[in-house]
Amino acid sequence: MSSLAPLPLDAPGSSSAPADILHEVFGYSQFRGPQQDIVEHVVGGGDALVLMPTGGGKSLCYQIPAIARQRAGRGVSVVVSPLIALMHDQVGALHEAGVNAAFLNSTLDWEQTQDVERRMLRGEITLLYAAPERVNTPRFLSQLDSLKERGKLSLFAIDEAHCVSQWGHDFRPEYRALTVLHERYPGVPRIALTATADALTRADIVERLQLEEARQFVSSFDRPNIRYTIVEKKDATTQLLRFIEREHEGDAGVVYCQSRKRVEDVAVMLQGAGINALPYHAGLDAAVRQKHQDRFLREEGVVMVATIAFGMGIDKPDVRFVGHLDMPKNIEGYYQETGRAGRDGAPADAWMAYGLQDVVNQRRMIDESPAGEEFKQVMRGKLDALLSLAEASDCRRVRLLGYFGEKSTPCGNCDNCLNPPQVWDGTDAARKLLSTIYRVQQLSGISFGAGHIMDILRGKETEKVKQFGHERISTFGIGAEFSEVQLRGVLRQLIATGALAVDAEAFNTLKLTEGSRAVLKGEANVTLRESVSSPAARGGKPRREKAARGAPSPAAAALDADGQKRFEALKAWRAEVAREHNLPAYVIFHDATLAAISERAPATLEDLQGISGIGTKKLEAYGTEVLRVCSAF
Ligand code: ADP
Ligand code: ZN
């Protein structure tokens, strides 16, 4: 733990006005979006539910009220967070800004725990981070009781609040018990925050956490700097490698895969191609996981290949791409994961490869799960929404935002906007496929898989076709003009829209549904994206190229030659400080802050004032050093 002396947070002259805290402590000149309203509401003692996309700036929404209320003599704010592995860095970042923060979790030994508890009980700690399972212990609750009695229990912040909902993708049963906070300390304000929430999850959070009275702050979920691309899966790992080599050489990124095995394989493949890749999944030793996470946060240009076990709470600002080699379960998951790219606001990519097998796998996982039928229905609905996003030929962002209840216009920064896909009318092919499935079922009394159905339609006399006498079916060969790729596209689309079902219990065979009828009768049109291998192949505009190999971070791109030198020197200095403090470099200063310093070429401490990201404490701690580093140029 840090040995920082308690700071005079409530010393005379330290203002509890939110704008002053924003400026003094964090070094920022303005609140972003709804931050100011939220902060004022919570400082005033109101409950709040905050829905903001990843990177929107949620942390300040509870950190500033905590500081303001501490300065006004109200004591300790408790931050409930499931992110034990990140608490050290989160608290470290607050120390860097001069805020008294601490955490209580299983990584502390007995003595450290007691030290934190003592300081907490004296009301010295402004922000105390704790995992939900800790909050629910009798020991912790009795400590809160003691604080409460003395009027030193200021605020509860419940981070990653969607963990309370089983509709969300990170359900944590311990979150359910957090109702104790409201029941036991009714007068203490609560702020719950999340980056995921469709209407269903949101309603669940309100109900489960008893936030009926809380004011809801819903921000726009748009992340304009992220470019969405969804490609058809051919050889997914090769497609991924090309994407990284073409557009993200040397960049930090995250690649999500469905299984542990696949994570391992893909990491090895990328390493073999000279990419600094590391695996991360729940099957790895905790120490290895922590080490890989630390390397991802502390080194530059690491590509993390991971299952969804990785990423919640990762606040690394300069992740330049997030890839999905397999389709996630739903749009919430996809949006949360892709949202980890480009928190710094600079251009970033969300890239996904998707294919028929993904649809089949996800359906099977739902069908085979032990959950109740109602739950499965909800999950299928959510999967369908993601499938239609993947199949869409119009703006991806319009659809994504639409899913979260937001209206928008075509964005100009997704694959479909940049290279409008050719569409073709697949209605005829769809009818032929469905009637083949129908006739085969009639003739043989059993269902068959996609490959066999396509063979019949395309008139291929395979062993299996002959074995079952399927060359006698009236649709045999009447779809010879369609390629297999085209037919696969039609099948995916039919499954995505519910006009066809995959029976997981019977070898993934295809079954007609209620929804098949409209297509068979020619009442429903089926429009498909033209299948092509790459944007270049369809003659579209070339994609963004990196400025140059080894180009500086986007933040520094506009600097002149001397500025670049200062920037590089500052980065080297920052790396040293970060190592000494055992913190990621961006916790000391963001790239954007170093770029702003480099541009200003400061000669005095005054010159540093007003640069975004330099608060009072950092100016005091690092100002002179920064000037020394800059003076060399
Ligand atoms: P979230 O938790 O919503 O994903 P964070 O709280 O981590 O987002 O904030 C994202 C980034 O934006 C952080 O680097 C943070 O320092 C920065 N940030 C937040 N609010 C402001 C602001 N008002 N002015 C400048 N930068 C901000
Ligand atoms: Zn678009």
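Residues numbered from 1 in each chain as written. Chains lettered and ligands numbered in written order. Predicted model: local features only at pLDDT ≥ 70, side-chain atom pairs only at ≥ 80, totals over all residues. Heavy atoms only, no water.

A.B. asks: Help me understand the coordination of the zinc ion (ligand 2), please; the structure alone is not making it clear to me.
C.D. replies: Ideal geometry at a metal centre gives angles of 109.5 degrees when four donors are arranged tetrahedrally and 90 or 180 degrees when six donors are arranged octahedrally. Within the protein, the atoms that donate to the zinc ion (ligand 2) are Cys395 (SG), Cys411 (SG), Cys414 (SG) and Cys417 (SG), at distances of 2.3 to 2.4 Å. Around the zinc ion (ligand 2) sit four donor atoms; with metal-centred angles ranging over 103 to 118°, the donor geometry is tetrahedral. The motif formed by the donor residues of the zinc ion (ligand 2), counted along the single chain, is C-x15-C-x2-C-x2-C. Of the two residues, cysteine 395 sits in the loop between helix H16 (373-391) and helix H17 (396-403) while cysteine 411 sits in the loop between H17 and helix H18 (415-418), which places them 16 residues apart along the sequence. (Donors = N, O, S within 2.8 Å, 3.2 Å for Na, K, Ca; no water. Tetrahedral: all angles 85-135°; square planar, octahedral: opposite > 155°, others 65-115°. Helix = DSSP H or I, 4+ residues; strand = E, 2+ residues; numbered from the N terminus.)

A.B. asks: I would appreciate a short explanation of the pattern of salt bridges in the present structure.
C.D. replies: If charged atoms from side chains of opposite charge come close, those side chains can pair. Per the stated rule, a full pass over the model turns up 34 salt bridges. For arginine 492, the salt bridge goes to glutamate 232, with nearest N and O atoms at 3.7 Å. One end of the pair, arginine 492, is in helix H22 (residues 484-496); the other, glutamate 232, is in strand E8 (residues 226-232), with 260 residues separating them in the sequence. Assigned by exposure class, arginine 492 and glutamate 232 land together as buried. With a shortest N-O distance of 2.9 Å, arginine 574 and aspartate 591 are connected by a salt bridge. One end of the pair, arginine 574, is in helix H24 (residues 561-581); the other, aspartate 591, is in helix H26 (residues 591-600), and 17 residues separate them in sequence. (Salt bridge = Lys/Arg side-chain N within 4 Å of Asp/Glu carboxyl O. Buried < 20%, exposed > 50% of the residue type's maximum accessible area, 1.4 Å probe, protein only.)

A.B. asks: Sorry, what's going on with the site of ligand 1 here?
C.D. replies: As a structural note, the neighbourhood of ligand 1 is formed by 15 residues, with Tyr28, Gly55, Lys58, Ser59 and His590 the closest of them. Here glutamine 30 contributes a backbone N or O atom positioned 2.8 Å from a nitrogen atom of ligand 1. At 3.4 Å from an oxygen atom of ligand 1 is found a side-chain nitrogen or oxygen belonging to histidine 590. Burial of ligand 1 by the protein chains amounts to 83% of its free accessible area of 560 Å². Counted by class, the shell around ligand 1 contains four nonpolar, eight polar and three charged residues. (Near = heavy atom within 4 Å. Polar contact = N/O pair within 3.5 Å; in protein donor to acceptor, adjacent residues only side chain to side chain. Areas by Shrake-Rupley, 256 points an atom, 1.4 Å probe, with all protein chains shown as cover. Nonpolar A, V, L, I, M, F, W, Y, C, P; charged D, E, K, R; others polar.)

A.B. asks: Would you mind going over the domain arrangement of the protein chain with me for this structure?
C.D. replies: Size of an interface: often given as the accessible area lost when the parts come together. Partitioning the protein chain into structural domains gives domain 1 (18-218), domain 2 (226-420), domain 3 (424-531) and domain 4 (554-631). Facing 14 residues of domain 1, the contacting portion of domain 4 comprises 15 residues. Contact with domain 4 buries area across many residues of domain 1, yet Gly27, Asp89 and Glu96 alone supply 48% of it, more than any other trio. Taken together, the links from domain 1 to domain 4 amount to zero salt bridges. Put simply, domain 1 and domain 4 have four residue pairs in polar contact (both at pLDDT 80 or more) between them. Residue assignment for the side of domain 1 that touches domain 4 shows that the elements contributing at least two residues are helix H1 (18-26) and helix H4 (84-96). Considering every element that reaches the side of domain 1 that touches domain 4, the biggest residue donor is H4, with six residues. For the side of domain 1 that touches domain 4, a count of residues per class yields five nonpolar, six polar and three charged. (Domains from an automatic or database assignment. Contact = heavy atoms within 4.5 Å. Buried area = accessible area lost by both parts, 1.4 Å probe.)

A.B. asks: How do you make sense of the pairing of strand E4 (residues 127-130) when you look at a structure like this?
C.D. replies: Consecutive residues of a regular strand have side chains that alternate between opposite faces of the sheet. Burial of the side chains of E4 extends over both faces: Leu127 and Tyr129 are buried on one face and Leu128 and Ala130 on the other. Summarising the sheet, strand E2 (residues 76-80) and E4 pair through four bridges and their orientation is parallel. For valine 80, the partnering residue across the bridge sits in E4 and is alanine 130. In terms of strand pairing, strand E3 (residues 101-104) meets E4 through four bridges, oriented parallel. Residue pairing for E4: alanine 101 is matched across the bridge by leucine 127. In the classification by handedness, the crossover that spans E3, the intervening helix H5 (residues 110-121) and the parallel E4 is right-handed. (Pairing = 2+ DSSP bridges. Right-handed = clockwise from strand over helix to strand, strands pointing away.)

A.B. asks: Where do I start with the packing of helix H20 (residues 450-457) against H22 in this structure?
C.D. replies: Packed helices, taken two at a time, are described by the angle their axes make and the gap between the axes. The interhelical angle for the contact between H20 and H22, taken along N-to-C directions, is 125°, at an axis separation of 11 Å. Between H20 and H22, the angle falls in the class oblique. Considering only the axes of H20 and H22, their crossing is right-handed. Here Ala450, Met454 and Leu457 of H20 lie close against H22, whose contacting residues are Glu484, Leu487, Arg488 and Leu491. Residues belonging to the contact of H20 with H22 are distributed by class as follows: five nonpolar, no polar and two charged. (Axes fitted to C-alpha atoms, helices over the stretch in contact; angles between N-to-C directions. Parallel < 35°, antiparallel > 145°, perpendicular 65-115°, else oblique. Left-handed = near helix turned anticlockwise from the far one by under 90°.)

A.B. asks: Can you walk me through the packing of aromatic side chains in this structure?
C.D. replies: Ring pairs (aromatic) are described by centroid distance and by the angle formed between their planes. Applying the stated criterion across every chain yields a total of 15 aromatic pairs. Judged by centre distance (5.2 Å) and plane angle (20°), the ring pair of phenylalanine 221 and phenylalanine 404 falls under stacked. Pair noted here: phenylalanine 221 is in the loop between strand E7 (215-218) and E8 and phenylalanine 404 is in the loop between H17 and H18, with a separation of 183 residues, a long-range link. Judged by its relative accessible area of 2%, phenylalanine 221 is buried. By relative accessible area, which is 11% here, phenylalanine 404 ends up buried. Aromatic pair phenylalanine 243 and phenylalanine 321: ring centres 5.7 Å apart, planes at 85°, arrangement edge-to-face. Of this pair, phenylalanine 243 sits in helix H11 (residues 236-247) while phenylalanine 321 is found in strand E12 (residues 321-324), placing the two residues 78 residues apart along the sequence. Since its relative accessible area comes to 0%, phenylalanine 321 is described here as buried. Grouping aromatic residues by their ring pairs yields a cluster made of Phe221, Tyr228, Tyr334, Tyr335, Tyr403 and Phe404. The ring of phenylalanine 296 is capped by lysine 316, whose NZ or CZ atom sits 5.6 Å from the centre of that ring. (Phe/Tyr/Trp six-rings, centres within 6.5 Å; stacked < 30°, edge-to-face > 60°. Lys NZ or Arg CZ within 6 Å of the ring centre and 35° of its normal.)

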